[in-house]
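# Report on the structure
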Amino acid sequence: MEKSSAVRCQRFGCDATFTEEDNADDSCRYHPSGPIFHDGMKEWSCCKQRSHDFSLFLAIPGCKTGKHTTEKPVLVKPAPSNPPRAVPVPSGGQNNNAPIENCSRCRQGFFCSDHGSQGKSSKPLAANNAESSEKKATPVKKIVNLNEDRICKNKGCGKTYKEKDNHETACEFHPGPAVFHDRLRGWKCCDIHVKEFDEFIEIPPCTKGWHNADAS
């Protein structure tokens, strides 16, 4: 019997070639769910493994094994693991939330629903809720060590830099979000879309500016 020609596996994180004769039940190691890109962070929605660097992100091994397939996976937007909940307002000096220094999201500069109200003024709530809701909190000035290593969170950058070396053209990045649709990957800002991950990584940034470790 003539041996079938090798074809490429379409599962996320695999990209290997195979034949039906060599396609064992555990021959493919892959990610069952697609990637998430947000604020310069790349994450696999299935196993929550993530990285700022694209090369390290693509090197994250699959979290599931099975047979290779030529069937293209369907991208489904992952549902939030926990429903939104109200953040209790601290009163009387008590704080029932975990310390910020022990929270991985806070350490990396992401908004955290558990600590979103911390760092704000501890003054009592105004009697008139309508009036108090119109008042905006004054931004807190952040003191930065000029020699401290910081990670740029501009989309498509993720480089480590020192504030003393930062300038108006130091960062090359994409101001628009990454777009994943129908097996196409691209950037909305420069309207470039490709099919393969390695081609997506090679799309050059379309904007220059300052590195920003506090980008949202």
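Residues numbered from 1 in each chain as written. Predicted model: local features only at pLDDT ≥ 70, side-chain atom pairs only at ≥ 80, totals over all residues. Heavy atoms only, no water.

Our next topic: the sheet that holds strand β4 (residues 35-38). Taken in spatial order, the three strands line up as β4-β5-β6 in an open sheet, and their pairing is antiparallel. The outermost strands of the open sheet, each flanked by one partner alone, are β4 and β6 (50-51). Looking at chain direction, β4 and strand β5 (residues 41-44) are connected through four bridges and run antiparallel. Among the inter-strand pairings, H38 is bridged to a residue of β5, identified as M41. (Pairing = 2+ DSSP bridges. Helix = DSSP H or I, 4+ residues; strand = E, 2+ residues; numbered from the N terminus.)

With that settled, the discussion passes to the nonpolar core. In this structure, F12, F37, W44, F54, F57, I60, W187, V194, F197, F200 and I203 together form the largest nonpolar core, which totals 11 residues. At the level of elements, α1 (54-58) and α4 (197-201) are the ones that each hand at least two residues to this core. The contacts of V194, once residues within four sequence positions are left out, are R183, L184, R185, E199, F200 and I203. In this structure, C152, C171, F173 and A213 belong to the second largest nonpolar core, which totals six residues. (Core = buried A, V, L, I, M, F, W, Y, C linked by side-chain atoms within 4.5 Å. Buried < 20%, exposed > 50% of the residue type's maximum accessible area, 1.4 Å probe, protein only. Contact = heavy atoms within 4.5 Å.)

Together, E196, D198, E199 and E202 line one region of the surface with negative charge. Within the secondary structure, E202 sits in the loop between α4 and β14 (207-209). Given a relative accessible area of 62%, E202 falls into the exposed group. (Patch = residues over 30% accessible without salt bridge, like charges linked within 9 Å, V, L, I, M, F, W, Y side chains within 5 Å. Areas by Shrake-Rupley, 256 points an atom, 1.4 Å probe, with all protein chains shown as cover. Salt bridge = Lys/Arg side-chain N within 4 Å of Asp/Glu carboxyl O. Lys, Arg positive; Asp, Glu negative; His and termini not counted. Charge placed at Lys NZ, Arg CZ, Asp CG, Glu CD.)

Looking now at the pairing of strand β12 (residues 184-187). Relative to β12, strand β11 (residues 178-181) runs antiparallel, the two being bridged by four bridges. Following the sheet pairing, A178 is matched in β12 by W187. Pairing analysis gives three bridges linking β12 to strand β13 (residues 192-194), with the strands arranged antiparallel. Looking at β13, one finds that R185 is bridged to V194. Turn length for the β12-β13 hairpin, with the two strands adjacent in sequence and antiparallel, is four residues, and the turn residue D191 shows positive phi of about 55°.

A low pLDDT means the predicted coordinates there should not be read in detail. Per-residue confidence for the protein gives a mean pLDDT of 75; residues scoring 70 or more make up 66%. Low pLDDT (under 50) marks residues 117-127, which in the prediction has nine contacts with non-local residues, meaning those over four places away or in another chain. (pLDDT = per-residue confidence, 0-100.)

For D15, which is not glycine, the phi dihedral falls at a positive 65°. Its identity is not glycine, yet D191 carries a phi of approximately 55°, on the positive side. Positionally, D191 belongs in the loop between β12 and β13. The exposure class assigned to D191 is exposed, which follows from its relative accessible area of 59%.

Right, let's get into the sheet that holds β13. What the three strands build is an open sheet, ordered β11-β12-β13; its pairing is antiparallel. The sheet terminates laterally at β11 and β13, the two strands that pair on one side only. The average undirected angle you get between the axes of adjacent strands in this sheet is 20°. (Axes fitted to C-alpha atoms, helices over the stretch in contact; angles between N-to-C directions.)

Once that is clear, we can look at the pattern of salt bridges. Should their charged atoms come close, side chains of opposite charge can pair. Overall, the coordinates contain seven salt bridges when judged by the stated rule. Residues D25 and K67 are paired through a salt bridge, measuring 3.9 Å at the closest nitrogen-oxygen approach. With D25 in the loop between β2 (17-18) and β3 (28-30) and K67 in the loop between β7 (64-66) and α2 (104-107), this residue pair connects regions lying 42 residues apart in the sequence. With a relative accessible area of 59%, D25 lands in the exposed category.

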